[in-house]
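Given next are the chains, with one letter for each unit.
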Amino acid sequence: MIDPFGRRISYLRVSVTDRCDLRCVYCMAEDMTFLPKREVLTLEELDRLCGAFIGLGVEKIRLTGGEPLVRKNVLSLFRSLGARIGAGGLRELTVTTNGTQLGQMAEPLYAAGVRRINVSLDTLDPGLFHAVTRWGALEKVLDGIFAAKAAGLAVKINAVALKGVNEGEYDRMLAWCGEHGFDLCLIETMPMGDITGDRTDQYLPLSLVRSRLREHWTLEETDYRTGGPARYYAVKETGTRIGFITPMTHNFCESCNRVRLTCTGTLYMCLGQEDSADFRALLRDPSVDDAQLQAAIAAAIARKPKGHDFIIDRRHNRPSVGRHMSVTGG
Ligand code: SAM
Ligand code: SF4
């Protein structure tokens, strides 16, 4: 699939649920209204739709959310997608998780074919973790991360850079990741969805973070890519990598290779734009076959916009896009 700007679309991110067992302050409001079940695609519908994308050239699928691992029976989707790895056309199946369920799910994920996972962890301080997630327990997540490592999964830690919140922690987190062999990826906060509070207060440009880190660490530029938008540096002292995802300070849209599917079957061709295509009605129409489904996907890709235009400053204090990150999946 080639979009109107010549970009090959080979990566599908699927939000399998909008629900979550945490309420990170930058992601959700405290009191969220979640979708009624009938609006959410079944796991079988999700598998069929993913299969149609794979048939059109998608090689990498990441399941996300909400918290993907709290969806009931989600392992069955991992298994059915995992069976498509290799001759089935899929090259990689991954997941982004908050880690709370990994203690019991790491091994089954590995068995289903997952080899790399991203775990979101913004701080190593138990009190701060509790505050950022509104009620999460750090210890449970750390246990989950070590269960993942023990199961053979490569772990990347994702942390959202939050001014005045976890700003003083990146040295410690980098050292901890180095000690355990995890890559670390820092992410600029993006203006998505109404949250309780003001995003201008949270936004921390990563260019600043990088130069601060360089006071203590030797960061060497690499051309390592994981198929995502992060720019990676090798950390000489640890032998691990640090990545920076900078949607605000550096627009990475030129090399975008992905589209995002929500759990209701809505495809967003860009994380930062409102245009979308609905697949739920097609999936639930018995007269629509896979060829028609694929024709609809191709038509949506033909509308993929050039890029996002996120702005966070005092004059633009409304979210650039109304939906929360947990809807489209981070
Ligand atoms: N619940 C899972 C988790 O936390 O990893 C998966 C979904 S979560 C929406 C995916 C990623 O998006 C997380 O790393 C989270 O920190 C990030 N995220 C959420 N809201 C964000 C925002 N407004 N700006 C930047 N990143 C955000
Ligand atoms: Fe849940 Fe992930 Fe959003 Fe945190 S970032 S509230 S864990 S979906």
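Calculation rules
Residues numbered from 1 in each chain as written. Chains lettered and ligands numbered in written order. Predicted model: local features only at pLDDT ≥ 70, side-chain atom pairs only at ≥ 80, totals over all residues. Heavy atoms only, no water. Helix = DSSP H or I, 4+ residues; strand = E, 2+ residues; numbered from the N terminus. Buried < 20%, exposed > 50% of the residue type's maximum accessible area, 1.4 Å probe, protein only. Contact = heavy atoms within 4.5 Å. Areas by Shrake-Rupley, 256 points an atom, 1.4 Å probe, with all protein chains shown as cover. Near = heavy atom within 4 Å. Nonpolar A, V, L, I, M, F, W, Y, C, P; charged D, E, K, R; others polar. Polar contact = N/O pair within 3.5 Å; in protein donor to acceptor, adjacent residues only side chain to side chain. Axes fitted to C-alpha atoms, helices over the stretch in contact; angles between N-to-C directions. Parallel < 35°, antiparallel > 145°, perpendicular 65-115°, else oblique. Left-handed = near helix turned anticlockwise from the far one by under 90°. Phe/Tyr/Trp six-rings, centres within 6.5 Å; stacked < 30°, edge-to-face > 60°. Core = buried A, V, L, I, M, F, W, Y, C linked by side-chain atoms within 4.5 Å. Pairing = 2+ DSSP bridges.

Q: Could you give an account of the overall build of the chain, naming the residues involved and the relevant values?
A: Looking only at helices and strands, the chain features 10 helices and 12 strands. Going through the 330 residues of the chain one by one, you find that 56% of them count as buried. Partitioning the contacts of the chain with sequence separation of at least 6, the portion at a separation of at least 24 is 72%. Counting every atom, the chain has about 13,900 Å² of accessible surface; 51% of that belongs to carbon and sulfur.

Q: Can you break down the site of ligand 2 residue by residue, with the values?
A: Taken together, Cys 20, Leu 22, Arg 23, Cys 24, Cys 27, Met 28, Gly 66 and Asn 98 make up the full set of residues near ligand 2. Within the shell around ligand 2, the residues separate by chemical class into five nonpolar, two polar and one charged.

Q: I'd like to hear about the site of ligand 1, residue by residue, with values.
A: Around ligand 1 sit 17 residues in total, of which Tyr 26, Gly 66, Glu 67, Ser 120 and Met 190 are the nearest. Tyr 26 has a polar side-chain atom sitting 2.9 Å from an oxygen atom of ligand 1. Starting from 540 Å² of accessible surface for ligand 1 in isolation, the protein chains cover 95%.

Q: Give a detailed account of the packing of helix 3 (residues 102–112) against helix 5 (residues 138–151), specifying residues and quantitative values.
A: In the contact formed by helix 3 and helix 5, the axes pass within 8 Å of each other and the chain directions differ by 25°. By the criterion of interaxial angle, the relationship of helix 3 to helix 5 is roughly parallel. Viewed along their axes, helix 3 and helix 5 form a crossing whose handedness is right-handed. Across from Leu 102, Gly 103, Ala 106, Glu 107 and Tyr 110 in helix 3, the residues of helix 5 making contact are Gly 144, Ile 145, Ala 147, Ala 148 and Ala 151. Looking at the contact of helix 3 with helix 5, its residues break down into seven nonpolar, two polar and one charged.

Q: So what's going on with the side chain of Gln 101? Residues and values would help.
A: With respect to the secondary-structure elements, Gln 101 resides in the loop between strand 3 (92–97) and helix 3. Look at Gln 101 and you get buried, because its relative accessible area is 14%. Within the structure, the side chain of Gln 101 is placed 2.9 Å from the side chain of Thr 100, a separation counted as a polar contact. Sequence-distant contacts of Gln 101, defined by excluding residues within four places in its chain, comprise Asp 21, Leu 69, Val 70 and Lys 140.

Q: How would you explain the packing of aromatic side chains if you had to name every residue and give the values?
A: By convention here, two paired aromatic rings are described through the distance between centres and the angle between planes. Going through the model one piece at a time under the given rule, you end up with six aromatic pairs. Between Phe 146 and Trp 176 the ring centres are 6.0 Å apart and the planes differ by 70°, which places this aromatic pair in the edge-to-face class. Of this pair, Phe 146 sits in helix 5 while Trp 176 sits in helix 6 (residues 170–180); the two residues are 30 residues apart in sequence, bridging distant segments of the chain. Each ring, one from Tyr 233 and one from Phe 244, has its centre 5.6 Å from the other, and the planes form 80°; the classification is edge-to-face. Of this pair, Tyr 233 sits in strand 8 (residues 231–235) while Phe 244 is found in strand 9 (residues 241–245), placing the two residues 11 residues apart along the sequence. Summarising the burial analysis for this pair, Tyr 233 and Phe 244 share the class buried.

Q: Could you give me a rundown of the nonpolar core, with the residues and numbers involved?
A: Ile 61, Phe 78 and Ile 157 are the most contacted members of the largest nonpolar core, which has 95 residues in total. In terms of residue count, helix 1 (residues 43–55) provides more of this core than any other element does, seven residues in total. With residues near it in sequence (within four places) discarded, Ile 157 still touches Val 119, Leu 121, Ile 145, Met 173, Trp 176, Cys 177, Phe 182, Asp 183, Leu 184 and Cys 185.

Q: Any chance you could break down the sheet that holds strand 3 for me, citing the residues and the numbers?
A: The strand order 7-8-9-6-5-4-3-2-1-10-11-12 describes an open sheet built from 12 strands, whose pairing is mixed. Bordering the open sheet on either side are strand 7 (219–221) and strand 12 (276–278), each of which pairs with just one other strand. The sheet shows a mean angle of 25° between the axes of neighbouring strands, direction not considered. Both strand 2 (residues 60–64) and strand 3 contribute to a ladder of four bridges, which runs parallel. Pairing of Leu 63 across the sheet is with Val 95, part of strand 3.

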